Amino acid sequence: MSGVLIAPSVLAADLGHLADEVRSIDRAGADWIHVDVMDGRFVPEISFGPGMVRAIRKATEKPLNVHLMIVEPERSLAAYVDAGADHLLVQAEPGSTVHLHRVLSRIRELGKRPGVVIDPATPIAWIEHVLHLVDIVMVMTVNPGFGGQKFLPEMLPKIAALRALCAGRGLHPHIEVDGGQDVDTARAVVAAGADVIVAGTAIFGSADREQAIADIRSAAA
Ligand SMILES: O=C(CO)[C@H](O)[C@H](O)COP(=O)(O)O
């Protein structure tokens, strides 16, 4: 698949200089800006809320890809829309999203691009009946909650099965992957069917972010 998109994850930025960090990856060639919202309940850490999304919005015009790793995202969709999110991604697991079909439909009604996220242990079957509602399916390639973890290669057949399931139904959502991504994993996940790569450590941890993005992009091409 051509046209792989790169979405640097702001979780790995120097948060003391957030606006400068966001401008840096914007200039370096990011396609989307990935923002991880964590509530200390669905995942152990607390990260960003609507105020931070609003601050990031002011620093870039690139699409904000906001991943809600929170319990009951349905309660705060409007706040993230108001803060400037472009894509709203919710977890498929009922420990997070109570009525997945309704929430994804609501995101569309709010004029934003809906995305559904599956954790490593979550089977594709859990999202089979909502695939027609989404623009993005994100496969977690680490267990969510922390940056800097190691890619789980056992997610590769899952990505391939998901791409085949979508194609068989005439659906072409972005298949995004998140967690432990670098040049080597990007090559493998794109070969399996992914077309959007979220990378935190591999981009923000690089002395030359433009080169880091270009390297991931060309490895994946
Ligand atoms: O969602 C996340 C953690 O839950 C991060 O976006 C993801 O882990 C990216 O960071 P890294 O590239 O450092 O793995």
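Before any of the text, the structure's been laid out above.
The sections below set out a description of the structure shown in this document. (Residues numbered from 1 in each chain as written. Predicted model: local features only at pLDDT ≥ 70, side-chain atom pairs only at ≥ 80, totals over all residues.)

1. Describing the environment of D208
Phase 1: Tracing the sequence through the fold places D208 in the loop between α7 (201-204) and α8 (209-220).
Phase 2: When the 10 C-beta atoms within 10 Å are taken as the criterion, D208 is described as exposed.
Phase 3: The spacing of D208 and H174 is 34 residues in sequence and 27 Å in space, taken between C-alpha atoms. (Helix = DSSP H or I, 4+ residues; strand = E, 2+ residues; numbered from the N terminus. Buried ≥ 20, exposed ≤ 12 C-beta atoms within 10 Å, placed from the backbone.)

2. Section: the nonpolar core
Phase 1: Core analysis: the biggest nonpolar cluster contains 67 residues, and I33, V66, V116, V139 and I197 have the highest contact counts within it.
Phase 2: For this core, the element with the most residues is strand β6 (residues 136-140), which contributes five residues.
Phase 3: Ignoring anything within four residues of it in the chain, the contact list for I197 reads V4, I6, A7, V177, Q181, A186, V189, I216 and A220. (Core = buried A, V, L, I, M, F, W, Y, C linked by C-beta atoms within 7 Å. Contact = placed C-beta atoms within 7 Å.)

3. Concerning the environment of L110
Phase 1: Relative to the assigned elements, L110 resides in the loop between α4 (100-109) and β5 (113-118).
Phase 2: Under the C-beta neighbour-count criterion, L110 is labelled partly exposed, with 15 such atoms within 10 Å.
Phase 3: In this structure the C-alpha to C-alpha distance between L110 and L156, which are 46 residues apart in sequence, comes to 33 Å.
Phase 4: Apart from the residues within four sequence positions on either side, L110 is in contact with L77 and V81.

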